[in-house]
Amino acid sequence: MSARTGGTAVGAVLFGRDGTLLQDVACNGDPAMVHPMAGVRAALAVLRASGFAIGVLSNQPGVARGLIGRQQVDAVQARAEALLGPIDVWAVCPHGSHDHCACHMPAPALVTAACAALGLPPARVTVIGCSDSVIAAALAAGAHAIRVPEADRPATGPCQPPCTLTTCRAADGPEQAADLLLRR
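Position labels on residues start from 1 in each chain and follow its written sequence. In keeping with the predicted nature of the model, local features appear solely for residues at pLDDT of at least 70, side-chain atom pairs appear and are counted solely at 80 or more, and the whole-chain, interface and lining totals rest on all residues. Calculation of side-chain values draws on the structure's entire complement of heavy atoms; hydrogens and water are dropped beforehand.

A. Focus on the overall build of the chain. Helix numbering and strand numbering both begin at the N terminus, where a helix is a DSSP run of H or I of at least 4 residues and a strand a DSSP run of E of at least 2. Across its full length, the chain carries six helices and seven strands. Helices (α) and strands (β) of the chain occur, in sequence order from the N terminus, as β-β-α-β-α-α-β-α-β-α-β-β-α. Classification of the 184 residues of the chain by burial places 46% in the buried group. Relative to all contacts within the chain whose residues are 6 or more apart in sequence, the contacts with residues 24 or more apart total 65%. Of the roughly 8,400 Å² that the chain leaves accessible, carbon and sulfur atoms contribute 56%. Here the term buried applies to any residue with accessible area under 20% of the maximum for its type, exposed to any over 50%, and partly exposed to those in between, with areas from a 1.4 Å probe on protein chains only. Should any heavy atoms of two residues lie within 4.5 Å, those residues are considered in contact. Accessible surface is estimated by sampling points in the Shrake-Rupley manner with a 1.4 Å probe; for residues, cover comes only from the protein chains shown.

B. The pairing of strand β6 (residues 144-147), seen in detail. The two faces of β6 match: H144 and I146 on one face and A145 and R147 on the other face are all buried. When DSSP locates at least two bridges between a pair of strands, those strands are taken to pair. Here four bridges tie strand β5 (residues 125-129) to β6, and the two strands are oriented parallel to one another. Within β6, the position partnered with G129 by the bridge is R147. A crossover connection joins β5 to the parallel β6 through helix α5 (residues 132-141); in handedness this β-α-β unit is right-handed. Sheet topology places β6 next to strand β7 (residues 168-170); three bridges connect them, and they run parallel. Along β7, the bridge assignment pairs R147 with A170. A clockwise path from the first strand over the helix to the second, with the strands pointing away from the viewer, defines a right-handed crossover.

C. The arrangement of the pattern of salt bridges in detail. Between Lys or Arg on one side and Asp or Glu on the other, a salt bridge is scored when a side-chain nitrogen of the former is within 4 Å of a carboxyl oxygen of the latter. Throughout the structure, instances matching the rule amount to four salt bridges. Between D74 and R70 there is a salt bridge whose closest N-O contact spans 3.3 Å. Placement of both D74 and R70 in helix α3 (residues 70-84) is noted, with a separation of four residues, approximately one turn of the helix. Assessed through its relative accessible area of 36%, D74 is described here as partly exposed. Close ionic contact of D179 with R183 constitutes a salt bridge, the shortest N to O distance being 3.0 Å.

D. Geometry of the side chain of T126. For T126, the position within the fold is in strand β5. Overall, T126 belongs to the buried group, its relative accessible area being 1%. Other than its neighbours up to four places away in sequence, T126 contacts A12, V13, L14, H144, A145, I146, L181 and R184.

E. Region of interest: unusual backbone geometry. Look at C27: it is not a glycine, yet its phi comes out positive at around 50°. A residue is classified by how much of its surface remains accessible, and C27, at 29% relative accessible area, is partly exposed. Positive phi values are uncommon outside glycine, yet H100 reaches one of about 55°. Tracing the backbone shows H100 in the loop between β4 (89-93) and α4 (109-118).

F. Fine view of the packing of helix α1 (residues 40-49) against helix α6 (residues 174-183). Fitted lines through C-alpha atoms give the axes, limited to the stretch in contact for helices. The angle between two N-to-C directions lies from 0 to 180 degrees. Following both chains from N to C, one finds α1 and α6 inclined at 20°, their axes separated by 7 Å at the closest point. On the basis of their axis angle, the class for α1 and α6 is roughly parallel. Facing V40, A42, A43, V46 and L47 of α1, the residues of α6 in contact are P174, E175, A178, L181 and L182. Under the convention adopted here, Pro, Cys and the residues Ala, Val, Leu, Ile, Met, Phe, Trp and Tyr are nonpolar, Asp, Glu, Lys and Arg are charged, and Gly plus all remaining residues are polar. Of the residues contributing to the contact of α1 with α6, the split by class is nine nonpolar, no polar and one charged. An angle counts as roughly parallel when it lies under 35 degrees, as roughly antiparallel when it exceeds 145, as roughly perpendicular when it falls between 65 and 115, and as oblique in every other case.

The structure is reproduced here in structure tokens:
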């Protein structure tokens, strides 16, 4: 986990990496295959200008399976920052679901670790993600959540239980998610 902040943030937004922040490429260890999702640059610009710290959450089971190395994960992160600007915290789980670790989402430890690295309680953090595991990890940690659709699936409306109107909402994409957050 790496974190950097340049002052006191009004809160933080943690993005799920694959399918939310970046196009989903299975076990991506190639920086040349890093492409931002539509609307992400604009959403990041608005959130940063409003004083939010930015973070990324990512399960990387390919590391546990030996398909990619941690250096490749770091190279993908560096390429993402080159394209999108600085990220205040990267929270990465290098384990597989079979490892039963506390940081593999949907477990909440990756979210709480990112919050701790930023010096913010989960109640001041919103997680934007497209997968059930990212949303579940956010809610289990006590953070807010906004679900965006997966690239190959249309928006499906509000989140399913245990979401409530105040903890989880649905958005058509990153720009609308940022707008929902700023109007909250």
